[in-house]
Amino acid sequence: MAGRVLSVASECVPFIKTGGLADVVGALPAALAPTGWDMRVLLPAYRKLLPLLDQMTPVRSDSSLFGGESRVYFGRIDGIDLLLLDAPHLFDRDGGPYSGPNGDWWDNPQRFAALSWVAAQIARDGIDGWKPDILHAHDWQAGFAPAYLRYGNASDVGSVLTIHNIAFQGWADVRLMSDLRLPADQFHPDGLEYYGNLSSLKAGLVTADKITTVSPTYAEELMRPEFGMGLQGVIAARAGDVSGILNGVDTTVWNPEAEDHPFSAKSLSGKAKARKALCDEFGLDVPGPLAIVVSRLTDQKGIDLLPEAIPAFVAAGGGVAILGSGDPALESAMRGLAAFHPGRVGLRIGYDEALSHRMFAGADAVLVPSRFEPCGLTQMYGLRYGTLPVVAATGGLADTVIGVSPATLAAGSATGIVFHPTDAISLRQALAKLVSLYADQKTWVRLQKNAMAHPVDWQASASAYAALYAGIVR
Ligand code: ADP
Ligand code: GLC
């Protein structure tokens, strides 16, 4: 065995998911297993997860954890060695992981500081005879964990902080410092201070041994003011410890040969059937390329550009099926777009994993016009399904899609359409290119085959994490 890793996060597939963070945290244990790293995942026992405790064993208890009693349970569930932090005063409530009916939970700093505190304790003391060599913290929710380790002088454990999205920084009022068990003497610009208050993400950035993010391009972008969202200086100051490791996708879950109408690069006829079924499901009749959008409907994802760019695409024969939820203003803009283009633009507001599979299987292209994208998973599903990605040249999108040009076509390497900058004009031009490529079916099929041959699994990235861990083992 190469070593042991405690992964700590707020989301993990198949237990709780709001975005790609969950997919990645859920995929890492199995991806790392062949490299010899044994990973356990620590999550909060949200109300929805409480039934799992019946299948688990209590392995730790605290009489006072940020205002109440808590226990940690362990069990192997759905192939994952899972630790759940049961702290009813923090996590047993109706609503999502971060917010309830009235917006963000008021005590999010305490809730996730508690998770991070327990992670650091487990890393330091071990749990039920299992002691990790590495603590791997994900995003702001686990950002205090490396800090507690550092300030608690637990010097036999290495730490890694992975940034999945810098837009969420774990802001907390400075008056919470002692409640959050943070040392007062660390309140300075090179320590915990962040614009006069606290940020759990910054705390992790200044205390973890290594910082990673989920693509090489985003690792560079993060050091620039346009992308760093205030933390660019902190990250740049640690440039030597920062790296970008691309996410992979679970190729057994995202497998065109396992869909309702199976297909492969060798035989694409199932894809034509899937396309027909998808058009029927959305009530669409599309002579040109059928594109999809499967996304949180937020500003990050460039969804506001669609109403400006789609009409010309529709006029040229294209169609779009949209699945997503999020910002109410964007939801209503999507409703307007669909209402205005009956038979060409279809919409489902909501979250539907099974439908998303049918969409990737049946569509010709997937649109990802993000303003920033740390990695992005849907363009990789697109590659795997010969559903050509049309993406903005940013972050992981730039690292995973090779844009069509005379040179990449000649070299047989092109896998999609890459546009820049992220604005409506560029998206409109990219969609015009999509229409003309689709009209040339010989080239189109070649592109589909290139895309399907592009590796999107975890293999290379699992090795990269394994090497990173090995470098900081004490
Ligand atoms: P982010 O984490 O920023 O939302 P990613 O591309 O990394 O972006 O991951 C998003 C994940 O959530 C993907 O697995 C995508 O398929 C899924 N997803 C997003 N919205 C929906 C939806 N409405 N229905 C089903 N799956 C969705
Ligand atoms: C974040 C990012 C997304 C990334 C995901 C998993 O949600 O927005 O780009 O793929 O985390 O790392």
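Up top is the structure these notes are about.
Predicted, not measured: the structure shown is a model, and the values here were computed from it.

*Asks:* What exactly am I supposed to notice about the overall build of the protein chain here?
*Replies:* For the protein chain, the helix and strand inventory stands at 18 helices and 20 strands. Considering only C-alpha atoms, the protein chain reaches an extent of 65 × 45 × 40 Å along its principal axes. Per-residue burial for the protein chain yields a buried fraction of 60% across its 474 residues. A separation threshold of at least 6 residues defines the contact pool for the protein chain, and within that pool the share at least 24 residues apart is 72%.

*Asks:* Is there a simple way to explain the sheet that holds strand β12 (residues 197-199) in this structure?
*Replies:* Backbone-to-backbone hydrogen bonds pair the strands of a sheet. The strands run either parallel or antiparallel. Here we have 3 strands laid out as an open sheet, ordered β10-β12-β11, and antiparallel in their pairing. Either end of the sheet is taken by a strand with one partner, and the two such strands are β10 (171-172) and β11 (193-194). Bridging between β10 and β12 involves 2 bridges; their strand directions are antiparallel. By the bridge assignment, Trp171 is partnered in β12 with Ser199. Where helix α5 (residues 200-207) meets the sheet, it contacts β11 and β12, and its direction lies at approximately 70° from that of β12.

*Asks:* Can you walk me through the site of ligand 2 in this structure?
*Replies:* Taken together, Gly20, Leu21, Val24, His164, Asn165, Val214, Asn247, Gln300, Glu373, Pro374, Cys375 and Gly376 make up the full set of residues near ligand 2. Interatomic distance of 3.4 Å between a backbone N/O atom of Pro374 and an oxygen atom of ligand 2. In this structure, an oxygen atom belonging to ligand 2 sits 3.0 Å away from a main-chain N or O atom of Cys375. For ligand 2, whose accessible area on its own is 310 Å², the fraction buried by protein is 93%. Partitioned by chemical class, the residues of the shell around ligand 2 number 5 nonpolar, 6 polar and 1 charged. Each of domain 1 (3-248 + 458-472) and domain 2 (256-453) accounts for three or more of the residues forming the shell around ligand 2.

*Asks:* Which parts of the structure should I look at to understand the packing of aromatic side chains?
*Replies:* Any aromatic ring pair is given by two values, namely how distant the centres are and how the planes are angled relative to each other. Going through the model one piece at a time under the given rule, you end up with 16 aromatic pairs. With a centroid separation of 5.2 Å and an interplanar angle of 75°, the aromatic rings of Phe112 and Trp140 are classed as edge-to-face. Of this pair, Phe112 sits in helix α3 (residues 108-125) while Trp140 sits in the loop between β8 (134-138) and α4 (144-151); the two residues are 28 residues apart in sequence, bridging distant segments of the chain. Under the relative-accessibility criterion, Trp140 is labelled buried at 13%. Plain terms: the ring middles of Trp254 and Tyr385 are 6.2 Å apart, the flat faces sit at 75° to each other, and that makes the pair edge-to-face. Here Trp254 is found in the loop between β14 (242-244) and α9 (269-282), whereas its partner Tyr385 is found in the loop between α13 (378-384) and β19 (388-392), with 131 residues between them in sequence. Accessibility expressed as a relative area gives 4% for Trp254, which makes it buried. The class of Tyr385 is buried, set by a relative accessible area of 0%.

*Asks:* Would you mind showing me how to read the site of ligand 1 here?
*Replies:* As a matter of local geometry, ligand 1 sits amid 20 residues, with Gly20, Arg296, Lys301, Gly350 and Tyr381 nearest to it. Backbone polar atom of Gly20 to an oxygen atom of ligand 1: 2.6 Å apart, as the coordinates give it. Between Leu377 and ligand 1, the recorded distance is 2.8 Å, taken from a backbone N or O atom to an oxygen atom. Alone, ligand 1 offers 570 Å² of accessible surface; in the complex the protein occludes 92% of this. Elements with a minimum of two residues in the shell around ligand 1: α1 (20-32), β15 (290-297), β16 (319-326) and α13. By residue number, the principal contributor to the shell around ligand 1 is β15, which donates 3 residues. A breakdown of the residues in the shell around ligand 1 according to their chemical character gives 5 nonpolar, 8 polar and 7 charged.

Rules of the game
- Residues numbered from 1 in each chain as written.
- Chains lettered and ligands numbered in written order.
- Predicted model: local features only at pLDDT ≥ 70, side-chain atom pairs only at ≥ 80, totals over all residues.
- Heavy atoms only, no water.
- Helix = DSSP H or I, 4+ residues; strand = E, 2+ residues; numbered from the N terminus.
- Buried < 20%, exposed > 50% of the residue type's maximum accessible area, 1.4 Å probe, protein only.
- Contact = heavy atoms within 4.5 Å.
- Pairing = 2+ DSSP bridges.
- Axes fitted to C-alpha atoms, helices over the stretch in contact; angles between N-to-C directions.
- Near = heavy atom within 4 Å.
- Polar contact = N/O pair within 3.5 Å; in protein donor to acceptor, adjacent residues only side chain to side chain.
- Areas by Shrake-Rupley, 256 points an atom, 1.4 Å probe, with all protein chains shown as cover.
- Nonpolar A, V, L, I, M, F, W, Y, C, P; charged D, E, K, R; others polar.
- Domains from an automatic or database assignment.
- Phe/Tyr/Trp six-rings, centres within 6.5 Å; stacked < 30°, edge-to-face > 60°.

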